[in-house]
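# Structural overview for review
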Amino acid sequence: MDKYKKERQESATAMLQHGKSVHDWEARIRDEELAEGGRARNKRKESIERKLIDMGYQASDFPPKYDYNWRRLLEQPRELSSRIWKQIQPKLVAAIALEKEQKVWAERGVRIDLRRQEVRTLYQLYIEDIEDDEVLLPGSVEFTYLPEVTALVSRDDGLIEVTQERFMDVVAEAMTTFNISERAKLANLLREPAPRCTDYDSSDEDDDTISRTPMEIACDLEVLNRATSILTCYRCSLSSPTSYFPFTGITRHILKFHPDSSYKAISREKAVIGTASAVLEMLGLPSSTRYSDISRKIVCLCGKPDFQQPAEFSELIMHIFRENIWYIQALRSP
Ligand SMILES: [Zn+2]
Ligand SMILES: [Zn+2]
């Protein structure tokens, strides 16, 4: 029995060893073939590169090593014959030209970004001196993408530094452009009932404003001045009183608190507007009353210490709005 077992073991070991050597042999062949192929591809690659350098190109002109199109031309197992060279040479030259074009474009982009940075710094200084509260202020990044400013930073492919003087040449016009389009957007958001949409960004006002008379546009913008036209920044908590502004405050709020945001989180809250209308009604004023026509400061009769003193209309609206929420919640809970 023992003998039989031993024999079986020996033969199994021999088979294993045989299997292993077959495997090793196959692997070696594969490695050699791979190395062979690698050598052939490398040789072809070197021949092509040498030829290109002879033509006057530099290695730094070549597309990056990982460029698929480039590798497909260079790294082939077939040796470079003069026939193949004739065939691929125009493709190689085109790939180098494309690479150069892309590099030039990328460098231009870097320069223009730098110019935008210069504009941003100048803009931040510029707005410090703006005293008129009625002027809507774009965000500092937003400002650098206004058409006038884009034209400024792209001039001469972004090669010229934006000085204070060059900045001052365009800033007034850029601010006008922004104020016209921003007022139209905000008015569109506030108009009631909204004719098409109330979303801040989905409106394309431009073609619309062209077809309308200045009188019609002024009429549309009148909505901005209403006391009920209170806008919300929905990045901030809705329960915070600082989230609600007459339209002139909203761009300043965004500039101050969300300077790097890529989109404006502006909306209008129906409930806030409803509260404002109700307060106007209590005061005997029509809901179209202008914000600036509410001369009186108002006192809430709830007795909260903060509101014993007459408050500004918008502050009071927020106070009452929150009071209402509190009452509704209190009524709901058992
Ligand atoms: Zn906010
Ligand atoms: Zn109160």
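Summarised in this report is the structure supplied together with it. This structure is a prediction, so every number in the text was calculated from the model and none was measured. Along each chain, numbering runs from 1 in the same order as the chain's sequence is written. To read the labels, note that chains go from A and ligands from 1, taken in the order they are written. This being a predicted model, a pLDDT of at least 70 is required before a residue's local features are given, and a value of 80 or more before pairs of side-chain atoms are given or counted; all residues contribute to the totals for chains, interfaces and linings. Working from all heavy atoms in the structure, the side-chain values ignore hydrogens and water.

A few words now on the coordination of the zinc ion (ligand 1). Listed as protein donors to the zinc ion (ligand 1) are Cys233 (SG), Cys236 (SG), His253 (NE2) and His258 (NE2); their distances from the metal cover 2.0 to 2.2 Å. Considered as a linear motif, the donors of the zinc ion (ligand 1) on their single chain read C-x2-C-x16-H-x4-H. You can call Cys236 buried: its relative accessible area is 18%. Listed donors are limited to N, O and S atoms within 2.8 Å of the metal, widened to 3.2 Å for Na, K and Ca; water is not among them, so incomplete-looking sites are possible. The buried label applies to any residue whose accessible area, calculated with a 1.4 Å probe on protein chains only, is under 20% of its type's maximum; exposed applies above 50%, and partly exposed to all values in between.

In DSSP terms, a helix is any run of H or I states spanning at least four residues, a strand is any run of E spanning at least two, and both are numbered starting from the N terminus. Take the number of residues in a helix, subtract one, and multiply by 1.5 Å to get its expected span. For helix α10 (residues 270-282), built from 13 residues, the straight-helix expectation of 18 Å at 1.5 Å per residue is met to within 8% by its first-to-last C-alpha distance of 18 Å. Those residues of α10 lying buried are Val272, Ile273, Thr275, Ala276, Val279 and Leu280. Taken around the axis of α10, the buried residues stretch over an arc of 160°, which confines them to a single face. The exposed set on the far side of α10, more than 90 degrees from its buried face, consists of Lys270, Glu281 and Met282. When checking whether two residues touch, look at their non-hydrogen atoms; a contact exists if any pair is within 4.5 Å. Contacts from the buried residues of α10 go to β1 (230-233), β2 (244-246), β3 (266-268) and α11 (313-332). Gly284 lies just past α10 and shows a positive phi near 75°. Directions drawn from the helix axis to the C-beta atoms are what define this arc.

With that out of the way, let us pick up helix α3 (residues 82-128). The terminal C-alpha atoms of α3, which comprises 47 residues, lie 69 Å apart, in line with the 69 Å expected from a rise of 1.5 Å per residue. Maximum bend of α3: about 40°, positioned at Ile88, with proline Pro90 one to four residues after it. We define the bend at each residue as the angle formed by axes fitted to the 7 residues ending at it and the 7 residues starting at it.

Of all hydrophobic cores here, the largest spans 34 residues; its most connected members are Val119, Tyr123, Phe143, Phe167, Leu186, Leu231 and Ile250. Of all the elements in the fold, those that place two or more residues in this core are α3, α5 (147-154), α6 (164-190), β1 and α9 (247-257). With 10 residues, α6 is the single largest residue contributor to this core. When residues no more than four places from it in sequence are discounted, the contact partners of Val119 are Phe143, Thr144, Val149, Leu152, Val153, Val162 and Phe167. The next biggest cluster of nonpolar side chains, apart from the first, holds 17 residues, and it includes Ile230, Val279, Leu280 and Ala311. By nonpolar core we mean a set of buried residues, namely Ala, Val, Leu, Ile, Met, Phe, Trp, Tyr and Cys, connected to one another through side-chain atoms within 4.5 Å.

Bringing the pattern of salt bridges into the picture now. Counted as salt bridges are all cases of a side-chain nitrogen of Lys or Arg within 4 Å of a carboxyl oxygen of Asp or Glu. Inspection of every chain in the model, using the stated rule, returns 10 salt bridges. For the salt bridge of Arg71 with Glu75, the shortest nitrogen-to-oxygen distance reads 3.3 Å. Residue classification places Arg71 among the partly exposed positions, given a relative accessible area of 41%. According to the relative accessible area criterion, Glu75 is partly exposed, its value standing at 27%. Asp157 is the salt-bridge partner of Arg108, the closest N and O atoms lying 2.8 Å from each other. Here Asp157 lies in the loop between α5 and α6 and Arg108 lies in helix α3, a separation of 49 residues in the sequence. Relative accessible area serves as the criterion here: at 18%, Arg108 is assigned to the buried category. Asp157 gets classed as partly exposed once you look at its relative accessible area, which sits at 39%.

For the rest of this paragraph, the subject is the packing of α10 against α11. Axis lines are fitted to C-alpha atoms, over the contacting stretch for helices. Their N-to-C directions set the angle, which ranges from 0 to 180 degrees. Two elements in contact, α10 and α11, have axes separated by 9 Å at closest approach and are oriented at 110°. As summarised for this structure, α10 and α11 are arranged roughly perpendicular, according to the angle between their axes. Here α10 and α11 pass one another in a crossing that is right-handed. On α11, the residues that touch Ala271, Val272, Thr275, Ala276, Val279 and Leu280 of α10 are Phe313, Ile317, Met318, Ile320, Phe321 and Asn324. Three classes are used: nonpolar for Ala, Val, Leu, Ile, Met, Phe, Trp, Tyr, Cys and Pro, charged for Asp, Glu, Lys and Arg, and polar for all others, with Gly counted as polar. Of the residues that constitute the contact of α10 with α11, the class distribution is 10 nonpolar, two polar and no charged. Just so you know how the angles are binned, under 35 degrees is roughly parallel, over 145 roughly antiparallel, 65 to 115 roughly perpendicular, and the rest oblique. Throughout, a crossing is termed right-handed when the near helix is turned clockwise from the far one, and left-handed when it is turned anticlockwise from it by less than a right angle.

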